[in-house]
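Reading the structure
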Amino acid sequence: MSEPTLVVSKIRAGTVIDHIPAGRALDVLKIIGLSGREGIRTAIIMNVESKKLGRKDIIKVEGKFLKQQEVSVIALIASTATINIVEDFKVVKKFNVEIPELIEEVITCPNTTCITNKGNEPVKSRFTVVSRKPITLQCSYCGTLVFEDELHRLIKV
Ligand code: CTP
Ligand code: ZN
């Protein structure tokens, strides 16, 4: 007998972030700035079966549409995610997240002596993409490399 499926209702209008790697949904929620206290109807579905990924997470947010910047940051910690825009219960737009060439402000450099970490120096962090699969970024100021598995804890929110 096959495993029972978890059924979650469709949304009327808003955003469905699908194919999030299993266990990453809460990191994605942090990026889009949802704490739950905003009163926005949200479904968080974690560790469900996926044909493509084995297991995946899904987030459905009623009435919210993401900014380009938020989509770029999601790409850093959930590169397999697809964004579905829903209107009148139908998916009207579907796209994959994409890592931008330059990542400014959103990641903290892990080098504590980097100029971007000096409290009174107003220098925004800035990373270039060295590799996309697996993700490797490089700080434009001190050259420190940041690898995929450390990204989730370096995201500023
Ligand atoms: N969805 C939703 N509410 C809607 C329409 C879609 O919550 N009114 C959700 C679906 O449950 C699914 C995601 O949005 O998790 C994408 O929907 P759809 O494109 O219909 O599904 P698939 O074809 O399975 O998507 P994909 O090919 O991207 O896997
Ligand atoms: Zn640095």
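Only a predicted model underlies this, so the values are computations on that prediction, with no experimental measurement involved. (Residues numbered from 1 in each chain as written. Chains lettered and ligands numbered in written order. Predicted model: local features only at pLDDT ≥ 70, side-chain atom pairs only at ≥ 80, totals over all residues. Heavy atoms only, no water.)

1. Topic: the site of ligand 1
Quick note on the threshold: Residue proximity to a molecule or strand is established when one non-hydrogen atom of the residue lies within 4 Å of it. Contacts described as polar in this section are N or O atom pairs within 3.5 Å, which, within protein, must combine one atom able to donate a hydrogen with one able to accept it, while residues neighboring in sequence count only if both atoms come from side chains. Accessible surface area values rest on a Shrake-Rupley calculation with a 1.4 Å probe, where residue burial reflects the displayed protein chains alone. Strands here mean DSSP runs of E at least two residues long; helices mean DSSP runs of H or I at least four residues long; both are numbered from the N terminus. Classification convention: Asp, Glu, Lys, Arg as charged; Ala, Val, Leu, Ile, Met, Phe, Trp, Tyr, Cys, Pro as nonpolar; all other residues, Gly among them, as polar.
In the vicinity of ligand 1, the contacting residues are Lys-10, Ile-11, Val-16, Asp-18, His-19, Lys-60, Asn-84, Val-86, Phe-89, Val-91 and Lys-94. The contact in question runs from an oxygen atom of ligand 1 to an N or O atom on the side chain of His-19, over 3.3 Å. The backbone of Phe-89 places a nitrogen or oxygen atom 2.7 Å from a nitrogen atom of ligand 1. Coverage of ligand 1 by the protein chains reaches 67% of its 600 Å² of free accessible surface. Looking at the shell around ligand 1, the elements that each hand over two or more residues are strand 1 (14–21), strand 4 (82–87) and strand 5 (90–96). Per element, the largest residue contribution to the shell around ligand 1 is three residues, and it comes from strand 1. Across the shell around ligand 1, the residue classes tally to five nonpolar, two polar and four charged.

2. Here's the deal with the coordination of the zinc ion (ligand 2)
Let me state the cut-off plainly: Metal donors were taken as nitrogen, oxygen and sulfur atoms no farther than 2.8 Å from the ion, or 3.2 Å where the ion is Na, K or Ca. Water is excluded, so coordination may look unfinished. Square planar and octahedral sites, with four and six donors, are those where opposite donors lie more than 155 degrees apart and all other angles lie between 65 and 115, tetrahedral sites have four donors with every angle between 85 and 135 degrees, and the rest are irregular. Relative accessibility under 20% of the residue-type maximum defines a buried residue, over 50% an exposed one, and the middle range a partly exposed one, all with a 1.4 Å probe and only protein chains included.
Those protein atoms acting as donors to the zinc ion (ligand 2) are Cys-109 (SG), Cys-114 (SG), Cys-139 (SG) and Cys-142 (SG), and they sit at 2.3 to 2.4 Å. Metal-centred angles of 100 to 115° between the four donor atoms at the zinc ion (ligand 2) mark the site as tetrahedral. The sequence pattern describing where the donors of the zinc ion (ligand 2) fall on their chain is C-x4-C-x24-C-x2-C. With a gap of 25 residues between them, Cys-114 in the loop between strand 6 (102–104) and strand 7 (126–132) and Cys-139 in strand 8 (residues 135–139) connect regions that are remote in the sequence. Taken individually, Cys-114 and Cys-139 each receive the classification buried, so the pair is uniform in this respect.

3. Side note on the sheet that holds strand 1
Note the following rule: The rule for pairing is simple: two strands pair if DSSP sees at least two bridges between them. Helix axes use the C-alpha atoms of the stretch in contact, all axes being lines fitted to C-alpha atoms, and the angles between their N-to-C directions lie in the range 0 to 180 degrees.
What the five strands build is an open sheet, ordered 2-3-1-4-5; its pairing is antiparallel. Edge positions in the sheet fall to strand 2 (42–50) and strand 5, since each of these pairs with one other strand and no more. Ignoring which end each strand starts from, the neighbouring axes of this sheet average 20° apart. Two strands pair when backbone bridges link them, and strand 1 and strand 4 are joined in this way by five bridges, in the antiparallel orientation. Looking at strand 4, one finds that Val-16 is bridged to Asn-84.

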